[in-house]
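Next come the chains, spelled out residue by residue.
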Amino acid sequence: MEPSTQEAATKHEQILKYIEGLKIGSKISVRKIAEKLEVSEGTAYRAIKEADNLGLVSTKERVGTIRVEKKLRDNIDKLTFAEVVNIVDGEVLGGLDGLQKTLNKFVIGAMQQDAMMRYIDPGSLLIVGNRSKAHTCALEQGAGVLITGGFGTSDEVKKLADELDLPIISSSYDTYTVASMINRAIYDRLIKKKILLIEDIVPPQMLVMVLKGHHMLKDWQQLHEQTGHSRFPVVDEWNRLTGMITSKDLIGAQPEQTIDKLMTRNPLTVTLNTSVASAAHMMVWEGIDLLPVIDTNRKVMAVISRKDVLKAMQQIQRQPQNGETFEDLIWSGFEEERSKEGQTVYRGLITPQMTNQLGTVSEGVLTILMTQAAYHVIQNVKKGDLVMDNMSSYFVKPVQIDSQIEIHPKIIEVSRKFGKIDVGIYHGPTLVAKAMLTAQFIDQV
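Note that the structure is a prediction, hence the values are computed from the model and not measured.

S.K.: Run through the overall build of the protein, naming residues and quoting values.
M.R.: Per the secondary structure count, the protein includes 14 helices and 21 strands. Restricting the contact set of the protein to residue pairs at least 6 apart, pairs at least 24 apart contribute 56%. Entry remark: accessible area of the protein is about 24300 Å², with carbon and sulfur atoms responsible for 50%.

Take a look at the structure:
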């Protein structure tokens, strides 16, 4: 019958708060943390590992563990110079203190130096060979330098990099390979960026109304009248989740019974890093309307409702596509048409990327194609997101590279909550694969 509080902090949490309060660039060690906060070295070590997972600290070669600025989700598509070093298996020749800076773009130095400098801005990364003058000019322009081919640079350039806190990195890969590796890393991050997480929809410092195990029916009723809600997390004295209580749990309850005798123990939970889609699927499969959001110590941070999740998923559908997944790439080559009978048909070509080591189309690709066809055809009838419930598939004939195929999805049944779709893939008149899919809609609040 009270809002969730974070007053009671464990030693683990105290260490995390201490680390979070340190100045960016401060060095951190297990022994110093243990002595400063009067905890065991084991406790300090575990907390530092957790801080590393949270992005609060980073371990640098020849420097040790230091406090770094936590990377925001808004900047997930931007790489730090330290991440570039790992991507290209590089060696840092100078400017170690600037490794945590982010780069805004990379420039390939395959032109005359004067022309090259027009494209270099502060925060850029110049990818170039063993051209010392270009290295110096890039650093003076506020850019980092990545030297390809395993070459080094002069001592003067290394000294300048240290003075400006701008990394100069050497990689044994050639320019084309390095650029491809960095571009792939940025592209992967764009895909991650478009995936909506729980932390994206939970407001900061959310006030969560909770009950304690010793509370009774009258306390639930009072909180229900106060908030208009009927579902509440149940927590212990440390604000750790112990259960969930809903109006259904209270049917037939006696006034003197305590909440801990009526609640559902070990409820399903999510964390800030859980995807919204996973939370939606969980709610549909388990038939629940409220999920507690907990931290690593099972302390309640927030709650999300099915309404919150569905609203977020509707918004993300209207966002531009930032990066294509394998499913997007496979499906992009297929076009929707109408057969003579007026049925929806998808036509496309089997590309080399869709095949296995035998030169025939992969069963996994056929499964993706049948699933995508089912999703698209049912979207024409009933809007809303689907959760795949069951799929029975049969692979009848192999299909070669460059073969033209047709996908024939047929809706068998659609109700308010469920859909059943039959899908067949044909190469000419020959059936090559078939599936029966059932799915649940998650737009029911």
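There is more to say after this.
S.K.: Account for the sheet that holds strand 9 (residues 168–170), naming residues and giving values.
M.R.: Taken together, the five strands give an open sheet; going across it, the order is 5-9-8-7-6, and neighbouring strands pair in mixed fashion. Since the sheet does not close on itself, it has two edges, and those belong to strand 5 (91–94) and strand 6 (105–108), each with one partner. For this sheet, the mean inter-axis angle between neighbouring strands, taken without regard to orientation, is 25°. The sheet contact formed by strand 8 (residues 144–147) and strand 9 spans three bridges and is parallel. Following the sheet pairing, Ile147 is matched in strand 9 by Ser170. Sheet strands touched by helix 7 (residues 155–164): strand 5 and strand 9. Its angle to strand 5, the strand with the most contacts, is close to 90°.

S.K.: Provide a residue-level description of the pattern of salt bridges, including the pertinent values.
M.R.: Applying the stated criterion to the full structure yields eight salt bridges. Here Asp121 and Lys105 are joined by a salt bridge, their closest N and O atoms 3.0 Å apart. Here Asp121 is found in the loop between helix 5 (113–117) and strand 7 (124–128), whereas its partner Lys105 is found in strand 6, with 16 residues between them in sequence. The exposure class of Asp121 is partly exposed, given its relative accessible area of 36%. Here Arg347 makes a salt bridge to Glu337, at a shortest N to O gap of 1.9 Å. Pair noted here: Arg347 is in strand 17 (residues 344–349) and Glu337 is in strand 16 (residues 335–338), with a separation of 10 residues, a long-range link. When its relative accessible area of 25% is taken as the criterion, Arg347 is described as partly exposed. For Glu337, a relative accessible area of 30% puts it in the partly exposed group. Three or more residues are tied together by salt bridges with common partners; here these are Arg231, Asp289 and Arg306.

S.K.: For the sheet that holds strand 20 (residues 418–427), give the residues involved together with the corresponding values.
M.R.: By way of backbone hydrogen bonds, the strands of a sheet pair with one another, either parallel or antiparallel. Pairing in this open sheet of six strands is antiparallel, and the strands run 16-17-19-20-21-18 from one edge to the other. Edge strands, defined here as strands with exactly one partner in the open sheet, are strand 16 and strand 18 (386–395). Sheet twist, expressed as the average angle between the axes of neighbouring strands with direction ignored, equals 25°. Relative to strand 17, strand 16 is paired through four bridges, and the arrangement is antiparallel. Counted as the bridge partner of Glu335 is Arg347 from strand 17. Along the sheet, helix 11 (residues 276–286) makes contact with strand 18 and strand 21 (430–441), crossing strand 18 at roughly 85°.

The rules we used
- Residues numbered from 1 in each chain as written.
- Predicted model: local features only at pLDDT ≥ 70, side-chain atom pairs only at ≥ 80, totals over all residues.
- Heavy atoms only, no water.
- Helix = DSSP H or I, 4+ residues; strand = E, 2+ residues; numbered from the N terminus.
- Contact = heavy atoms within 4.5 Å.
- Areas by Shrake-Rupley, 256 points an atom, 1.4 Å probe, with all protein chains shown as cover.
- Pairing = 2+ DSSP bridges.
- Axes fitted to C-alpha atoms, helices over the stretch in contact; angles between N-to-C directions.
- Salt bridge = Lys/Arg side-chain N within 4 Å of Asp/Glu carboxyl O.
- Buried < 20%, exposed > 50% of the residue type's maximum accessible area, 1.4 Å probe, protein only.

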